[in-house]
Amino acid sequence: MNKLIPLSEAVSQFVHDGDTVYAAGFTHLIPFAAGHEMIRQHRRDLVLARATPDLIYDQMVAAGCARKVIFSYMGNPGVGSLRILRTAIEKGTLELEEYSHFGMISRLQAGAAGLPFMPMNQTAATDLERTNPLIRRVVDPYSGREVITVPAMNPDVAIVHVQRADANGNAHLWGIIGEQKESAFAAKRVILTAEEIVDEAVIRSDPNRTLLPGFIVAAVCHVPYAAHPSYAQGYYDRDNDFYLGWDKISESAEAVKSYLDEWVYGVKDRAEYWEKLGRPTHKRLTVQPQLSDAVNYGNY
Amino acid sequence: MIELTYSSSELMIVNAARLLKNGDVVFVGVGQPNLACNLAKRTHAPDLVMIYEAGVIGAEPRRLPLSIGDPTLVSGALSVVSIYDIFANYLQRGNVDVGFLGGAQIDKYGNINATVIGNDYAHPKVRLPGSGGAQEISAWANRCYIMTPHQKRRFPEKVDFLTSAGYLDGLGGRSVAGLRGKGPVGVVTDIGFLEPNDTGELVLTALHPGKTAAQAIENTGWALKVAGDVRTTEPVTEKELQILREELDPAGIYSKSG
């Protein structure tokens with residue numbers, strides 16, 4: 001079933017005000033293009049969930065899209081704070097729900113497997129248990145000792161960016177695979193964006209690499225460079241300069257507004273955004289190929 | 001004999017590297033822990049297995065990674081698994097020998113705060129990044145090391161918020177709470193080493209050359225006890241500095257400060 005539609009249509013159809021959105025990708029393949037499209041379409045009152053909100057949610061919160069954030073690390077990786085999120089939390093203008101990385105990922109794993117909760121061993125993080133009543137304890141029915149539990153998370157929408165997919169939504173992804181699979185299976189609807197749309201035969205040539213089956217995907221969008229300033233392993237580099245630069249931009253509300261006006265509202269889609277970044281940036285983010293050794297599945 | 005000069009970051013990185021044993025499976029963080037692990041691998045611990053919480057095992061980064069999810073960690077690594085797998089099958093299962101920890105506050109029992117400054121979680125004076133992987137690393141790695149500059153504001157008697165567990169209220173607290181790993185067995189600072197005594201309280205056990213116990217006491221927010229047999233750490237060697245400055249961090253991004 002061909003599910004190829006433009007990203008603008010996918011967001012329009014599948015992301016509604018008030019939705020809980022999980023934009024997947026642990027540092028890698030973060031779907032910034034979809035984030036920017038949600039901003040352009042003026043989505044409101046979203047509950048934004050990610051392990052590390054990263055700049056994508058910093059930008060969406062600045063644009064007024066969110067009423068709440070669910071997270072496990074509120075930092076600009078390797079740089080410092082996520083200033084906009086941090087200020088909103090310090091001022092009390094944004095609701096929050098906090099976990100550790102494993103707590104967050106366990107929520108998604110439970111959601112993906114259709115379970116009500118996921119247990120994990122104790123970590124003595126009793127202050128976090130106190131501030132987040134969704135982190136609870138049960139007694140292991142076999143050993144009698146206490147384990148920690150987190151409830152399943154079933155986002156309304158998961159947005160997953162991959163290197164390649166076919167038009168049915170069967171998706172290959174490699175490099176840091178983070179929580180893409182868990183969030184996709186946990187979510188009620190999945191928007192898949194891909195650097196490349198390939199023939200089904202390409203997917204079938206390496207079935208071990210297929211992380212997501214097409215039948216759980218609602219929309220497939222061909223969006224090259226969707227991850228910038230994050231990256232797609234093998235396709236382009238992480239724009240570390242941008243991450244460092246955001247630290248400066250996000251110091252001032254003026255500068256953030258200017259940024260959104262120029263780079264989000266001022267472009268119609270990711271293609272125009274990438275073009276606008278210019279050839280020197282394109283060149284700087286280019287990566288030399290490093291192919292894996294081929295595997296032989298055998299012609300059985 | 002040439003007198004070597006080095007930054008306090010380089011001093012801490014060199015000392016932290018020496019704590020790793022050959023064959024250790026280490027959960028690596030970005031920045032100084034990353035440099036310490038790579039230095040150890042190039043000196044006395046060639047069989048060190050480096051794991052990054054992004055799910056990468058046996059990373060051999062060609063360039064210095066800015067973040068824990070940098071693409072350079074993946075190219076040429078031994079294995080890449082999901083986040084769930086790395087925390088469950090590796091860390092929770094007990095396959096990780098060493099974890100590195102850090103945070104805004106470390107208290108006298110080695111508990112760490114990386115969540116909020118002040119006692120009001122809902123309206124924090126300062127909102128810090130939060131746990132990330134630290135909550136589980138501190139609980140489940142076989143042993144942990146903390147690397148931090150030795151500054152009084154970083155060493156309160158009790159943390160405002162307990163993000164990662166040290167010895168909780170004292171030794172024995174960890175087993176009562178059901179934590180599998182030994183906890184923070186050493187804190188490496190730019191003055192010396194703190195290690196837990198038999199009640200889980202961090203005491204001064206070593207000083208770097210040229211540093212004094214008085215300096216350590218002055219820069220600690222509780223009445224820091226000094227071990228009876230405080231040792232002097234082995235001086236930084238030219239070889240260690242060469243590897244750090246020429247191979248690992250030539251731009252001095254993580255090793256120059258201080």
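Please refer to the structure placed before this passage.
Here the residue numbering is sequential within each chain, running from 1 through the sequence in written order. Chains and ligands are labelled sequentially in the order written, the chains with letters from A and the ligands with numbers from 1. Since the coordinates come from a predicted model, pLDDT governs what is reported: local features require at least 70, and pairs of side-chain atoms require 80 or more to be given and counted, while whole-chain, interface and lining totals use all residues.

(A) Layout of the interface of chain B and chain A. Contact with chain B, which involves 38 residues of that partner, is made by 42 residues of chain A. Going through the elements one at a time, α3 (71–74), α4 (83–92) and α5 (134–140) of chain B are the ones with two or more residues in the side of chain B that touches chain A. Classifying every residue of the side of chain B that touches chain A gives 21 nonpolar, 13 polar and 4 charged. The contact rule is simple: place each C-beta atom from the backbone, and if two of them lie within 7 Å, those residues are in contact. A run of H or I in DSSP becomes a helix once it reaches four residues, and a run of E becomes a strand once it reaches two; helices and strands are each numbered from the N terminus. For this classification, the nonpolar set comprises Ala, Val, Leu, Ile, Met, Phe, Trp, Tyr, Cys and Pro, the charged set comprises Asp, Glu, Lys and Arg, and every other residue, Gly included, is treated as polar.

(B) Examining the pairing of strand β5 (residues 98–101) of chain B more closely. Residues and elements named next belong to chain B. Here β5 shows a buried face lined by V98 and F100 and a second buried face lined by G99 and L101. In this structure, strand β1 (residues 25–28) lies alongside β5, joined through 2 bridges in parallel fashion. Within β5, the residue paired with V26 across the bridge is V98. Sheet topology note: the β5/strand β10 (residues 143–147) ladder contains 4 bridges and is parallel. Any residue with 12 or fewer other C-beta atoms within 10 Å of its own C-beta is exposed, any with 20 or more is buried, and the rest are partly exposed; the C-beta atoms used are placed from the backbone. A pair of strands is labelled paired if DSSP reports no fewer than 2 bridges between them.

(C) Focus on unusual backbone geometry. Residues and elements named next belong to chain A. H228 connects to P229 through a cis peptide bond whose omega is 5°. With respect to the helices and strands, P229 occurs in the loop between β14 (219–222) and α9 (240–249). In this model, D45 sits at a positive phi of 60°, which is unusual for a non-glycine residue. Relative to the helices and strands, D45 is located in the loop between α2 (32–40) and β2 (46–49). Given 13 C-beta atoms within 10 Å, D45 falls into the partly exposed group. One non-glycine residue with positive phi stands out, namely A124, at about 60°. Taking the number of C-beta atoms within 10 Å as the measure of exposure, A124 has 25 and is therefore buried.

(D) Quick peek at the sheet that holds strand β9 (residues 146–151) of chain A. All names here are of chain A. The strand order across the open sheet built from 3 strands is β7-β9-β8, with neighbouring strands paired in antiparallel fashion. One side of each edge strand has no neighbouring strand; the edge strands of this open sheet are β7 (117–120) and β8 (136–139). Pairwise comparison of adjacent strand axes, ignoring direction, gives a mean angle of 40° for this sheet. The pairing of β8 with β9 spans 4 bridges and is classified as antiparallel. Directly across from R137, in β9, lies its bridge partner I148. All axes are obtained by fitting lines to C-alpha atoms, using only the stretch in contact for helices, and the reported angles, taken between N-to-C directions, cover 0 to 180 degrees.

Function cannot be inferred from these measures alone, as they are strictly geometric.
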